[in-house]
Amino acid sequence: HDNFKSKTRTRDAMKEELEVKILDIDENKLQRRIAELGGTQLFDGDMQTVSYEFSETGNTPLWLRREDETARLAYVSNKQCLFHETLVTDYDEARMILHDIGLDQRSGTNAYFAPRRAKKVEDRGMRLRLRTKGTYGELTLKKDVKKDTVKRALECETRVHDVAACRKILLAFGMCEIKPYKKHRLEYALDDGVKVAIDTVAGIPTFLEVEGPTIAFIEDAVQRLGYTMAETNTMSGRDVQRHYGVR
């Protein structure tokens with residue numbers, strides 16, 4: 001797995017994500033403007049996102065084991081004769097995801113158990129998602145914290161090597177799939193740490209997402225792309241679907 005290197009870093013808090021959206025854009029005009037600004041294409045492909053929620057819990061734990069270059073997330077049940085495992089790039093991010101959805105790590109082990117009556121992820125104000133992005137996957141946990149000029153969210157994220165295995169792990173652990181979401185994304189990086197994404201979802205006019213490290217950087221990027229902050233909104237992807245009457 002030469003292209004699957006660890007991104008492990010020590011961090012005890014979710015990172016903040018700032019973003020805005022602009023609906024019903026002229027994609028060709030926007031792509032020309034991004035090229036004029038020297039944007040670098042990061043991704044061009046289909047994405048599928050599925051959210052997960054607790055449906056039932058048992059006594060079988062998830063296992064998360066740190067290795068030299070990667071970590072391994074696994075579900076093992078001798079009773080059910082099940083073994084599912086995937087590599088993840090970031091042990092610390094994966095550990096925070098398991099902790100923040102309410103799992104308890106057994107002292108001195110790599111085992112994470114769900115409480116007998118696990119509180120739903122959504123009731124914690126969070127969304128646990130498994131996302132397929134081209135040839136790789138991402139396991140993410142996001143919590144919206146504030147919507148003012150921009151949408152603010154806290155997020156943990158790690159790449160997963162085997163999306164199918166990760167899906168089996170979550171389902172075997174007692175989670176269910178909800179809210180599947182598909183889109184085509186064109187993603188670019190500008191020279192100031194800002195990322196812009198052009199998203200196309202069936203039945204919805206193409207829209208733009210601008211993400212940056214600060215509000216000032218986002219405001220500057222929006223202006224340079226030819227828009228105003230008055231044209232932006234703080235909708236989620238689901239909000240955009242509801243806006244256009246798509247379920």
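Here's a quick rundown of the structure. Residue numbering note: each chain is counted from 1, following its sequence as written. Restriction of local features to residues with pLDDT of at least 70 applies here, the model being predicted, together with a cutoff of 80 or more for giving and counting side-chain atom pairs; totals for whole chains, interfaces and linings are based on all residues. Water and hydrogen atoms were dropped before computing side-chain values, which therefore reflect all heavy atoms in the structure.

**Details of the pairing of strand β12 (residues 195–200)**
Thought 1: Examined bridge by bridge, strand β11 (residues 175–189) and β12 share six bridges and lie antiparallel to one another. In the strand pairing of β12, Ala-189 is matched with Lys-195.
Thought 2: In this description, strands pair whenever DSSP reports at least two bridges between them. Put simply, DSSP marks the helices as runs of H or I at least four residues long and the strands as runs of E at least two long, and each gets a number from the N terminus on. Between β11 and the antiparallel strand that follows it, β12, lie five residues; Gly-193 among them carries a positive phi value of about 85 degrees.
Thought 3: In terms of strand pairing, β12 meets strand β13 (residues 207–212) through five bridges, oriented antiparallel. Bridging across to β13, Ile-198 finds its partner in Leu-208.

**Concerning the packing of aromatic side chains**
Thought 1: Only Phe, Tyr and Trp rings take part, Trp by its six-membered ring, and two of them pair if their centres are within 6.5 Å. Stacked means planes under 30 degrees apart, edge-to-face means over 60, and tilted covers everything else. Following the criterion strictly, the structure yields zero aromatic pairs and no others.
Thought 2: Note on criteria: charge over ring means Lys NZ or Arg CZ within 6 Å of the ring centre, with the direction from the centre no more than 35 degrees off the ring normal. Above the face of the Phe-43 ring, Lys-133 is positioned so that its terminal group lies 5.3 Å from the ring centre.
Thought 3: Looking at Arg-159, its charged tip hangs above the ring of Tyr-136, at a distance of 3.6 Å from the centre.

**Regarding the environment of Thr-158**
Thought 1: Note on placement: Thr-158 falls in strand β10 (residues 151–160).
Thought 2: Separated by 67 residues in sequence, Thr-158 and Tyr-91 place their C-alpha atoms 8.1 Å apart.
Thought 3: Contacts described as polar in this section are N or O atom pairs within 3.5 Å, which, within protein, must combine one atom able to donate a hydrogen with one able to accept it, while residues neighboring in sequence count only if both atoms come from side chains. Engagement of the side chain of Thr-158 in a polar contact is seen with the side chain of Thr-89, the distance being 3.2 Å.

**Some remarks on the side chain of Ser-236**
Thought 1: Following the sequence through the fold, Ser-236 ends up in the loop between α4 (215–224) and α5 (237–243).
Thought 2: Classification of Ser-236 as buried rests on a relative accessible area of 13%.
Thought 3: Note on definitions: a residue-residue contact is assigned when non-hydrogen atoms from the two residues lie within 4.5 Å. Those residues within four positions of Ser-236 in sequence are excluded, and the remaining contacts are Lys-21, Lys-147 and Lys-151. Exposed residues in this analysis have more than 50% of their type's maximum accessible area, buried residues have under 20%, and partly exposed residues fall in between, with area computed by a 1.4 Å probe over protein chains only.

**Some thoughts on unusual backbone geometry**
Thought 1: Of note, the phi angle at Asp-24 is positive, near 50 degrees, even though the residue is not glycine.
Thought 2: As for its position among the elements, Asp-24 is in the loop between β1 (15–22) and α1 (27–36).
Thought 3: Classification of Asp-24 as exposed rests on a relative accessible area of 55%.
Thought 4: Its identity as a non-glycine residue notwithstanding, Lys-179 has a phi of 55 degrees, on the positive side.
Thought 5: Note that Lys-179 resides in strand β11.
Thought 6: The exposure class assigned to Lys-179 is partly exposed, which follows from its relative accessible area of 40%.

**What about the nonpolar core?**
Thought 1: Counting 32 residues, the largest nonpolar core has Leu-64, Leu-103 and Leu-128 as its most contacted members.
Thought 2: Those elements that provide at least two residues to this core are β2 (40–54), β3 (62–66), β4 (71–77), α2 (91–100), β8 (126–133), β9 (136–147), β10 and α3 (163–172).
Thought 3: Residue contributions to this core peak at five residues, all from α2.
Thought 4: We call a set of buried residues a nonpolar core when its members are Ala, Val, Leu, Ile, Met, Phe, Trp, Tyr or Cys and they connect through side-chain atoms within 4.5 Å of each other. If you look at the next biggest cluster of nonpolar residues, it comprises 21 residues, including Leu-30, Ile-34, Val-194 and Val-222.

**With respect to α3**
Thought 1: Within α3 the residues assigned to the buried category are Ala-165, Cys-166, Ile-169 and Leu-170. Down the axis of α3, the buried set is contained in an arc of 135 degrees. They therefore lie on one face.
Thought 2: At the N-terminal boundary of α3, the capping side chain belongs to Asp-162, with an oxygen 3.2 Å from the backbone nitrogen of Ala-164.
Thought 3: Gly-174 occupies a position one or two residues after α3 and carries a positive phi of about 110 degrees. This arc corresponds to the set of directions leading from the helix axis out to the C-beta atoms.

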